[in-house]
Amino acid sequence: PGGDLQRSDRNLADSDMIIPQLLRRYGPTAAIVLIAAAVTTWKVRDWLTNPWTRDGQVRGNVIQIAPRVSGPIVTLPIRDNQEVAKGDLLFRIDPRTFQAALDQARANLDNTKVELVTLARQVAVAQASVVQARAVIQQKRSALLAAQSQLRVDEKNYRRGEELIASGSITQKQFDDDQTTYQISRSSVDEARAALLEAEKQLLEDQASQQEAIARQGAPGNKNAKLRAAQSSLKDAELNLEFTQVMAPVDGYVTNLNLRIGSQTVANQPALALVDKNSFWVDAYIRETWIRRIQPGDKAVVTLMSHPDQPLAGTVDSLGWGIFQQTGSTGQDLLPNVEATFEWIRLAQRIPVKVTLDEVPESIVLRLGSTASVLVRTDQRN
């Protein structure tokens, strides 16, 4: 029995030594395996929870600078890929033609003002003629009334003379005088009536001349159509001269500059491109199987391929509502364009998600079209 106890004690001692030996031998490996399993589990959970893509692209507003007037370039102070500030001169078009047009427009405006003064005087003269014609009509009416009144008196004397000559109360000479006076009064009435008609005719002519003068003059003051047309032509000429200087509308970068001194510009035709430096964002093309998890306002992490060690914070601005349909679109000869696909695999489409950058360090320069990876942190949603 004593030997058995000794052997059991030795076995216990050996087992106590084996466990530490096993821990020393396999403990680090087991710890590494556990840590790797935990990290893998966390990564898988993060991968399943937070949509991500390596198919991201830096985007920005590209402004096509188009001159408002046509002409050769005489000043070109910029160079390709130069940074410019809002209001900086990009190029100047030969202004001489537009300066001449401006001088002509100013001369036309001066001539129009002189013409309107002359027309105003003509209107005043026509109005005075109308007033005078009305005064003449009043005179002729008075003369007609006086002649008619005198005719009534002379006619009364003539009729009484006819009675008296029959009874022998007056002499023939007296009767002849009354008859002559009556005939003269009748002639005077006819002449007065004709003069009145002539005066009324003259009034109508003067009124027509007045209306014609008013029509030629047009509306008074700044409402006058001729004046407004001349002023509009002057303003148009001033703008055209101003448009010969093409300024930068925003802070940005000149890109792909192909202009030279003497290059002919065409009105409303793009001459150069300007990238708005304050408009950059990132388009993340995320698989449609993940798109339902994303909402505007979600936080995002953007990693540029050009700066892999400087992730940028961003925010989901919006999600695209559609992409171009390749299969079924019209191709050559108006036939449907059908893409060849493998029947045993279904490729998920990628939907553009617009991500705005919260802050960009000065050490990072964003360039249009640069590649980026985007991770949307849906797990940080409130």
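## Some points on the overall build of the protein chain
Helices and strands together make up the secondary structure of the protein chain, namely four helices and 16 strands. Long-range contacts, defined here as pairs at least 24 residues apart, represent 82% of the contacts in the protein chain between residues at least 6 apart.

## Some thoughts on the sheet that holds strand β4 (residues 83–84)
Taking strand neighbours across the sheet as the criterion, the four strands line up as β2-β9-β7-β4 in an open arrangement whose pairing is antiparallel. In this open sheet, the two strands that pair with only one neighbour each are β2 (62–65) and β4.

## Brief notes about the packing of aromatic side chains
Centre distance and the angle of the planes are the two values used to describe a pair of aromatic rings. If you walk through the whole model with that rule in mind, you get one aromatic pair. On the basis of an interplanar angle of 45 degrees and a centroid distance of 6.3 Å, the ring pair of W52 and W290 is categorised as tilted. Separated by 238 residues along the polypeptide, W52 in strand β1 (residues 52–59) and W290 in the loop between β10 (281–287) and β11 (299–304) bring together distant segments of the chain. The residue whose ring lies beneath R287 is W290, and the NZ or CZ to ring-centre distance is 4.4 Å.

## Considerations on the side chain of N50
Take N50: it is sitting in the loop between α1 (2–49) and β1. A residue is classified by how much of its surface remains accessible, and N50, at 0% relative accessible area, is buried. A distance of 3.0 Å separates a polar side-chain atom of N50 from the backbone nitrogen of T378. Sequence-distant contacts of N50, defined by excluding residues within four places in its chain, comprise L375, V376, R377, T378 and D379.

## Regarding the packing of helix α2 (residues 96–167) against helix α4 (residues 225–242)
Two elements in contact, α2 and α4, have axes separated by 8 Å at closest approach and are oriented at 165 degrees. If you check the angle between α2 and α4, you find them roughly antiparallel. When the axes of α2 and α4 are compared, the crossing they make is left-handed. Each residue belonging to the contact of α2 with α4 can be placed in one class, and the counts come to 12 nonpolar, six polar and five charged.

## Digging into the pattern of salt bridges
A complete count under the given rule lists nine salt bridges for this structure. The shortest N-O distance in the salt bridge between D177 and K173 comes to 3.4 Å. In this pair, D177 and K173 are both assigned in helix α3 (residues 172–217), four residues apart and thus about one turn of the helix distant. The exposure class of D177 is partly exposed, given its relative accessible area of 39%. The partner of E212 in a salt bridge is R216, with the nearest N and O atoms 3.1 Å apart. Of this pair, E212 and R216 both sit in helix α3, four residues apart, which is roughly one turn of the helix. Overall, the relative accessible area of 48% leaves E212 in the partly exposed class.

## What about the environment of F175?
Within the secondary structure, F175 is located in helix α3. Given the relative accessible area of 10%, F175 is considered buried. For the pair F175 and I165, spaced 10 residues apart in sequence, the C-alpha separation works out to 6.7 Å. Here F175 is in contact with Y158, G161, E162, I165 and I170, once residues within four sequence places are set aside.

## Some points on the sheet that holds β10
Taken in spatial order, the six strands of this closed barrel run β1-β10-β15-β12-β11-β16, and their pairing is antiparallel. The sheet shows a mean angle of 40 degrees between the axes of neighbouring strands, direction not considered. Alignment of β1 against strand β16 (residues 371–377), held across four bridges, turns out to be antiparallel. Across the sheet, W52 pairs through a bridge with L375, a residue of β16.

## Quick notes on the nonpolar core
Formed by 28 residues in total, the largest nonpolar core has its most connected members in L90, F91 and L272. Elements that contribute at least two residues to this core include exactly β5 (89–93), α2, α4 and β9 (272–276). The dominant element in this core, judged by the number of residues it contributes, is α2, at six residues. Membership of the second largest hydrophobic core comes to 23 residues, among which are V58, F280, L366 and V376.

## Some details on the pairing of strand β3 (residues 71–75)
Relative to strand β8 (residues 264–265), β3 runs antiparallel, the two sharing two bridges. Residue pairing for β8: G71 is matched across the bridge by T265. Relative to β5, β3 runs antiparallel, the two being bridged by two bridges. By the bridge assignment for β5, T75 is matched with R92.

Scoring rules and cut-offs
- Residues numbered from 1 in each chain as written.
- Predicted model: local features only at pLDDT ≥ 70, side-chain atom pairs only at ≥ 80, totals over all residues.
- Heavy atoms only, no water.
- Helix = DSSP H or I, 4+ residues; strand = E, 2+ residues; numbered from the N terminus.
- Contact = heavy atoms within 4.5 Å.
- Pairing = 2+ DSSP bridges.
- Phe/Tyr/Trp six-rings, centres within 6.5 Å; stacked < 30°, edge-to-face > 60°.
- Lys NZ or Arg CZ within 6 Å of the ring centre and 35° of its normal.
- Buried < 20%, exposed > 50% of the residue type's maximum accessible area, 1.4 Å probe, protein only.
- Polar contact = N/O pair within 3.5 Å; in protein donor to acceptor, adjacent residues only side chain to side chain.
- Axes fitted to C-alpha atoms, helices over the stretch in contact; angles between N-to-C directions.
- Parallel < 35°, antiparallel > 145°, perpendicular 65-115°, else oblique.
- Left-handed = near helix turned anticlockwise from the far one by under 90°.
- Nonpolar A, V, L, I, M, F, W, Y, C, P; charged D, E, K, R; others polar.
- Salt bridge = Lys/Arg side-chain N within 4 Å of Asp/Glu carboxyl O.
- Core = buried A, V, L, I, M, F, W, Y, C linked by side-chain atoms within 4.5 Å.

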